[in-house]
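Architecture at a glance
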Number of protein chains: 2
Amino acid sequence: MKIELILIASEILEGKITDLNGHWLAHFLNLKGLSIEQVTVVRDHLPTLLSVTNLALQRSDVVITSGGIGPTADDLTKFVYRDLFNLALENSPQAYKIAEKNYQRFDKIFEAKFNNYHFIPRGVTPLNNPKGLAPGLSYFLANENKYLFSLPGVPYEFQSMFTEEVFPLIEELEHKSEILREHFNVRTKLIPEEKIFGEICPNLWQELESFGQVSSLPQVMGIDIGVSLEAHHQEDLDKKKNELLKLFSTSSLTPNIWHFGHESIEEVIVSTLSKKKQTLSGAESCTGGLCSNRITDVSGSSTVFLGSIISYSNQVKIDQLHVSPESLEKFGAVSEEVAIEMAKNARKLLNSDFAYSLTGIAGPSGGSIEKPVGTVWIGISDKRCSWAKKFQFKGDRKQLKLRFSQMCFYLLLDEILSSS
Amino acid sequence: MKIELILIASEILEGKITDLNGHWLAHFLNLKGLSIEQVTVVRDHLPTLLSVTNLALQRSDVVITSGGIGPTADDLTKFVYRDLFNLALENSPQAYKIAEKNYQRFDKIFEAKFNNYHFIPRGVTPLNNPKGLAPGLSYFLANENKYLFSLPGVPYEFQSMFTEEVFPLIEELEHKSEILREHFNVRTKLIPEEKIFGEICPNLWQELESFGQVSSLPQVMGIDIGVSLEAHHQEDLDKKKNELLKLFSTSSLTPNIWHFGHESIEEVIVSTLSKKKQTLSGAESCTGGLCSNRITDVSGSSTVFLGSIISYSNQVKIDQLHVSPESLEKFGAVSEEVAIEMAKNARKLLNSDFAYSLTGIAGPSGGSIEKPVGTVWIGISDKRCSWAKKFQFKGDRKQLKLRFSQMCFYLLLDEILSSS
């Protein structure tokens, strides 16, 4: 089944927002063994919408649009149905009911004069909007066995309407496939793509292709190597997975593999600590809370993460983290000594098993010849010892913060795994 | 000039990564008075690439592809040029030189046997990759006065190659327009779109349309209202802007407008504090560092932001923030009393002019009937007083963290602006 997505959003093409619906839908469908064939982002411009929707309906079985179903004058989606299928707009009691109920949910009264939610093309079915106000639209092209769906642009509403209203219809349309699918994923760190496939494992790509379609995906300072597995029986799938695990575990890549699966490094850190019943705290300067924010994005992190001292100013490093003023004076805030004191003191003050620290220069200002923008000292402390390592990265302020935090998590995971 | 973007990235369609290049390019072009007409996301599949590129070249003057120029077997872009324009692949000394120089920059030696960076279609010009290894591709269709460019998928490389190599060629191609353009933007908070245009200011949309194209863009708990202004002279543009400012400043929307312009709320907070020479600190529980991370994303935040205590566990609230164990015992961590103590003590301990605090339940677990998931107490403290307000939001863990932080920033900005 071919599924295609059209994002109606001038604001994406003007750089004001990034698309979230395409990413969410791709991920959702992938977990169901389906995928998106093509995504097109277009302006709120009726002639363009008509041509793009028409082309998409020729190529695909299910076409989903996102955006343009709101109450304002730049919301054009319903006119696409009107012009493409020659359907007059008319009052739909069903759409009226949905809008009325949704307004009630927000303790408001639906007043038809302020919007046209209930005025939709004849023959088009309105879809409930479980989290928002505007009804979605659904049209079945019976002759061609195809669907056109129109959903809201707001991600929260898009997701709930797709999950609850649209996906059941797609599942019905689909001839249930008997093929089992799984995406085998290996997460590596700190080796560039062409070094992996060119130097370290020159035959790897070819070997992997005998298992399924291979992909290589650059991440933050790491490469994900993926293989799309298919089989008719679960035992065949398991056999392939075990063979792949063996292949990777005996390869020259082993020291750089930090995970088999799709989990993020913060998820792996939280689950590993959770299994060991150990705790974590932090002390951040240049990353300003990015590390603790990433860790607390993980559900269940509260069982292992105690807290962090974000010491952006030197005085806070002294007062809250008990970094010695002499170290700051003698070596500077971005130094091995201060990074070690930060990690060690965070661990002791917050009483955790492990602690990390970061002190560096995220720029764009604040760099010097000895300590240019991109310099960072990362400290790690546990009961055995406390140490720090220096790194030098490139990028703008946000990129540097992200790289600093990623490197910190690589070091931290190693430390956690190597401790008894 | 029509500019179109094709993202070659199966990994986007499979939901593994989100696109960053489209967003960046749209934003970059917008600042130059240009924009993207259409974005298409396609798979690494040669027949699809050929058909999509061919269609785009029919519609647009400049077609830019992103991705698929790396060294691995799923990198197909050069074959698009070969097949579309019937150009044989051949050794390009120019491409060889670029690859060689880029390897040197990373202290590595370019070995042609490990990749094919130097092997490109005849007549296609290689583009330097200022931040990465793989050369880009550029082809000028002289008869039609059109360009096809192929850039890397890695955002960092895409951006630098576009800025340094591609954009000067686009500028050359463009007949310099004499029209001055500016995007007037009003950032509002806490009123839904249809309430603004349906109830509060029912004539606003029409009034704004007399100035230029109007857009309404939902943000996190707020709406951006935009008007695209055009004029032949700067004074005409300024006149329009002043009229718009007056229109909004005397409208019923005024109490909900927090900014004229495109800056984020954290940027406005940092610049306002900076002008007042005042400082800020924080105390976060449920948001886990998201607030301090957002603030420290702003360049120059180090002059106003001192630090924050991320007190995820109650013990850290007691030990580091000096929250009284009695308050925690009597009212619970998610309470007015604890939020006030957190903000007040953060301000005193870190010695700042303002402090914020957040304590709530981001879920998915930890909720109760009295304090369901989505409950948050936000505290604000300055020299005049310390107080806290309770809010109740909906969403998943990350959405709730974002909404909590956004509400905190709305309250904080009000407090900063109302203080002398």
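Residues numbered from 1 in each chain as written. Chains lettered and ligands numbered in written order. Predicted model: local features only at pLDDT ≥ 70, side-chain atom pairs only at ≥ 80, totals over all residues. Heavy atoms only, no water.

Quick word on the overall build of chain A
Secondary structure summary: chain A contains 15 helices and 17 strands in total. Taking the principal axes of its C-alpha atoms as reference, chain A extends roughly 80 × 55 × 40 Å. Relative to its 420 residues, chain A shows a buried fraction of 58%. A separation of at least 24 residues holds for 69% of the contacts in chain A among residues at least 6 apart in sequence. (Helix = DSSP H or I, 4+ residues; strand = E, 2+ residues; numbered from the N terminus. Buried < 20%, exposed > 50% of the residue type's maximum accessible area, 1.4 Å probe, protein only. Contact = heavy atoms within 4.5 Å.)

Brief notes about the packing of aromatic side chains
Residues and elements named next belong to chain A. Taken as a whole and assessed by the stated rule, the structure comprises 45 aromatic pairs over all chains. The interplanar angle of 50 degrees and the centroid separation of 4.8 Å between the aromatic rings of F140 and Y147 together place this pair among those described as tilted. When its relative accessible area of 10% is taken as the criterion, Y147 is described as buried. Judged by centre distance (6.2 Å) and plane angle (25 degrees), the rings of F184 and F248 are stacked. Residue F184 is found in strand β9 (residues 180–188), and its partner F248 is found in helix α9 (residues 234–249); the two are separated by 64 residues along the sequence. Overall, F184 belongs to the buried group, its relative accessible area being 8%. (Phe/Tyr/Trp six-rings, centres within 6.5 Å; stacked < 30°, edge-to-face > 60°.)

Digging into the interface of chain A and chain B
Every contact between the two is made by 81 residues of chain A and, on the other side, 82 residues of chain B. Together chain A and chain B conceal approximately 6800 Å² of surface at their shared face, both sides included; 54% is due to carbon and sulfur atoms. Scanning the region where chain A abuts chain B turns up six salt bridges. When the shortest N-O distance is used, the salt bridge between E194 of chain A and K108 of chain B registers 3.6 Å. (Buried area = accessible area lost by both parts, 1.4 Å probe. Salt bridge = Lys/Arg side-chain N within 4 Å of Asp/Glu carboxyl O.)

Section: the confidence of the model for chain A
A residue-level look at chain A finds 99% of positions with pLDDT of 70 or above and a mean pLDDT of 92. Across the whole predicted complex the pTM is 0.75, and at the interface the ipTM reaches 0.74. (pLDDT = per-residue confidence, 0-100.)

Observations concerning the sheet that holds strand β12 (residues 257–260) of chain A
Residues and elements named next belong to chain A. Read across the open sheet, the four strands follow the order β10-β11-β9-β12; overall the sheet is antiparallel. The strands lining the two open edges of the sheet, one partner per strand, are β10 (213–219) and β12. Neighbour to neighbour, the strand axes of the sheet diverge by 20 degrees on average, direction disregarded. Taken together, the seven bridges between β10 and strand β11 (residues 222–231) define a ladder with antiparallel strand orientation. Along β11, the bridge assignment pairs Q219 with G222. (Pairing = 2+ DSSP bridges. Axes fitted to C-alpha atoms, helices over the stretch in contact; angles between N-to-C directions.)

Some details on the relation of the copies chain A and chain B
Between chain A and chain B, which share one sequence, the superposing operator has a rotation angle of 180 degrees and an axial displacement of 0.1 Å; the RMSD is 0.1 Å. Viewed as a symmetry operation, the transformation between the two copies matches a two-fold axis. Both copies present the same face, since 100% of the interface residues in chain A are matched by interface residues at the equivalent positions in chain B. (Least-squares fit on C-alpha atoms with pLDDT ≥ 70 in both.)

Here's the deal with helix α4 (residues 77–85) of chain B
Residues and elements named next belong to chain B. Along α4, the residues classified as buried are T77, K78, V80, Y81 and F85. One side of α4 holds all its buried residues, which, seen down the axis, span an arc of 150 degrees. Looking one or two residues past α4, N86 carries a phi angle of roughly 55 degrees, positive in sign. (Arc of directions from axis to C-beta.)

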